[in-house]
Amino acid sequence: MSSPFTFGKIAKGNSFTNRAFEMKRLAANFDNKVNTILISPRRWGKSSLVNKAAETFRGKKSRYAVMIDLFNIRDESQFYAYFAKKIIQATSSKPKEWIDTAMLFLKRLAPKVSFPVNMVNDFEITFELRDKAEDFEDILNLPEKIACAKKIEIAVCIDEFQNILNFENPLLFQKRLRAAWQKHMNSVYILYGSQTHMMTALFEKKSMPFYKFGDVMYLRKIDSKFLTDFIITKFKNTGKTISREFARQITEEAECQPYYTQQLAHIVWINSDKTVTSENINNSVTNLIEQNEPLYIKEAESLSNTQINFLKMLTESERKDIYAKELIQRYRLGTSGNVTKIRTVLIKKEIIHLVNSKYELVDPVFRLWLKNIYFKS
Ligand SMILES: Nc1ncnc2c1ncn2[C@@H]1O[C@H](COP(=O)(O)OP(=O)(O)OP(=O)(O)O)[C@@H](O)[C@H]1O
Ligand SMILES: [Mg+2]
């Protein structure tokens, strides 16, 4: 039998647990056409959550959801081609319809639809973009135009949205998006991504085009109780037993971060016979740290001595007052001006973040590595 735990992929079906509160809020936003911005550090479950909410939305009559991932999109023109293709593809099923839709709604842009031989059930669209507002508008209004023409509702889900900050003129681009999308009545947008400081800058600064674009949701970790039950059930369903105590320990070591919880549970599952022992847990934590070690070594090498000292402080305990004189001295952090700089760099690198007004390391396993290996040697 193979391990019942998954990580590194979208959590679907019975690999997906809880998030009932977030699902409800997203469903209500979709239904009421309230745009949503979803932010969290890496691997807390944004893509999985939106994927599930989109599936639920699609399950209702005349409702469509489009999944757009900006991971690989490097510039504005690539964005427009990809956006148009995904919207057309998700709202009509036949190749003939793809061409018709493109011709009908993007006529001004002289679209060309092609069917590369290596792409089954897929197509590419190219057009001649002039630097004219009406051209951008035609593309950005495509969801709304299709929704009105077909009498449907469309949820447009855009993942890794912070990538638009790498485009040549991100501010102008944001203005274009916002100007078009804020008028839409039959399509709704959910924009999500990691790199919390970038996402926050896009949506929380008053001067930015997307300020007050919609409901800003900060995704939380999953409650320990749900993760514990999840682990116990998965072991049971595969003919193994884990005590509540040990299952809870897994969630604690992973600080309830969903990715590491699943990864550690997976390692424990592999390492154990019929019943999980405390030795299995301890060995598995060591394995988990070892598996991630190469990345952490690189990360530590890229940091200055004072940055490392700052992390040492946080591995011992999360901190509210990072400017306390006593701490600055004890951890040799230099001046308070230095602390500000360290803080800014580490937040930018997504190594630390603020949770309930306390600074902590984002990655619980990096913290374990620093604490148990790096600072011990
Ligand atoms: N609701 C959930 N139930 C159980 N496991 C989950 C859940 N959500 C996420 N996970 C676990 O976390 C992993 C990462 O999830 P996902 O890819 O959705 O996160 P993400 O926030 O989109 O990550 P990234 O920032 O890298 O894009 C999944 O592979 C899965 O192991
Ligand atoms: Mg994701």
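Residues numbered from 1 in each chain as written. Chains lettered and ligands numbered in written order. Predicted model: local features only at pLDDT ≥ 70, side-chain atom pairs only at ≥ 80, totals over all residues. Heavy atoms only, no water.

Trainee: Summarise the sheet that holds strand β6 (residues 187-193); cite the residues concerned and give the values.
Mentor: Across the sheet, five strands lie side by side as β2-β5-β6-β1-β7; this open sheet has parallel pairing. The sheet is open, and its two borders are formed by β2 (63-69) and β7 (215-218), each paired with just one other strand. For this sheet, the mean inter-axis angle between neighbouring strands, taken without regard to orientation, is 15 degrees. Pairing analysis gives five bridges linking strand β5 (residues 153-159) to β6, with the strands arranged parallel. Bridge assignment links V156 to a residue of β6, and that residue is Y189. Packing of helix α6 (residues 142-150) onto the sheet brings it into contact with β5 and β6, and relative to β5 it is tilted by some 155 degrees. (Pairing = 2+ DSSP bridges. Helix = DSSP H or I, 4+ residues; strand = E, 2+ residues; numbered from the N terminus. Axes fitted to C-alpha atoms, helices over the stretch in contact; angles between N-to-C directions. Contact = heavy atoms within 4.5 Å.)

Trainee: Let's hear about the site of ligand 1: which residues, and what values?
Mentor: What surrounds ligand 1 is a group of 22 residues, the closest being T6, K9, T17, K46 and S48. In this structure, E160 approaches ligand 1 through a side-chain N or O atom, which is 3.3 Å from an oxygen atom. For ligand 1, whose free accessible area comes to 630 Å², the fraction covered by protein is 93%. Secondary structure elements with two or more residues in the shell around ligand 1: α2 (46-58) and α11 (258-271). Per-class residue counts for the shell around ligand 1 are seven nonpolar, nine polar and six charged. (Near = heavy atom within 4 Å. Polar contact = N/O pair within 3.5 Å; in protein donor to acceptor, adjacent residues only side chain to side chain. Areas by Shrake-Rupley, 256 points an atom, 1.4 Å probe, with all protein chains shown as cover. Nonpolar A, V, L, I, M, F, W, Y, C, P; charged D, E, K, R; others polar.)

Trainee: So, the domain arrangement of the protein: which residues are in play, and what are the values?
Mentor: Many analyses report the size of an interface as the accessible area lost when the parts associate. According to the domain assignment, the protein consists of domain 1 (19-218), domain 2 (224-290) and domain 3 (303-374). The distance between the C-alpha centroids of domain 1 and domain 2 comes to 37 Å. With five residues of domain 1 at the contact, the number on the domain 2 side is four residues. Taken as a group, R19, R43 and W44 account for 95% of the area that domain 1 buries against domain 2, more than any other trio of residues on that side. (Domains from an automatic or database assignment. Buried area = accessible area lost by both parts, 1.4 Å probe.)

Trainee: Can you lay out the pattern of salt bridges for me, pointing to particular residues and giving the numbers?
Mentor: Following the criterion strictly, the structure yields 29 salt bridges and no others. Among the ionic pairs, R130 bridges to D135, the shortest N-O distance being 2.6 Å. The salt bridge partner of R248 is E252, with a shortest N-O separation of 3.2 Å. Pair noted here: R248 and E252 are both in helix α10 (residues 244-253), with a separation of four residues, about one helical turn. According to the relative accessible area criterion, R248 is partly exposed, its value standing at 35%. Connected via shared salt-bridge partners are R108, R130, E134, D135, D138 and K145. (Salt bridge = Lys/Arg side-chain N within 4 Å of Asp/Glu carboxyl O. Buried < 20%, exposed > 50% of the residue type's maximum accessible area, 1.4 Å probe, protein only.)

Trainee: So what's going on with the side chain of R319? Which residues, and what values?
Mentor: Note on placement: R319 falls in the loop between α13 (305-316) and α14 (325-330). The buried charged residue R319 lacks any salt bridge partner; its closest oppositely charged side chain belongs to E316, at an N-O distance of 5.0 Å. If we skip the residues at most four places from it in the chain, R319 touches M313, L314, L327, R330, Y331, S357, K358 and Y359. (Lys, Arg positive; Asp, Glu negative; His and termini not counted.)

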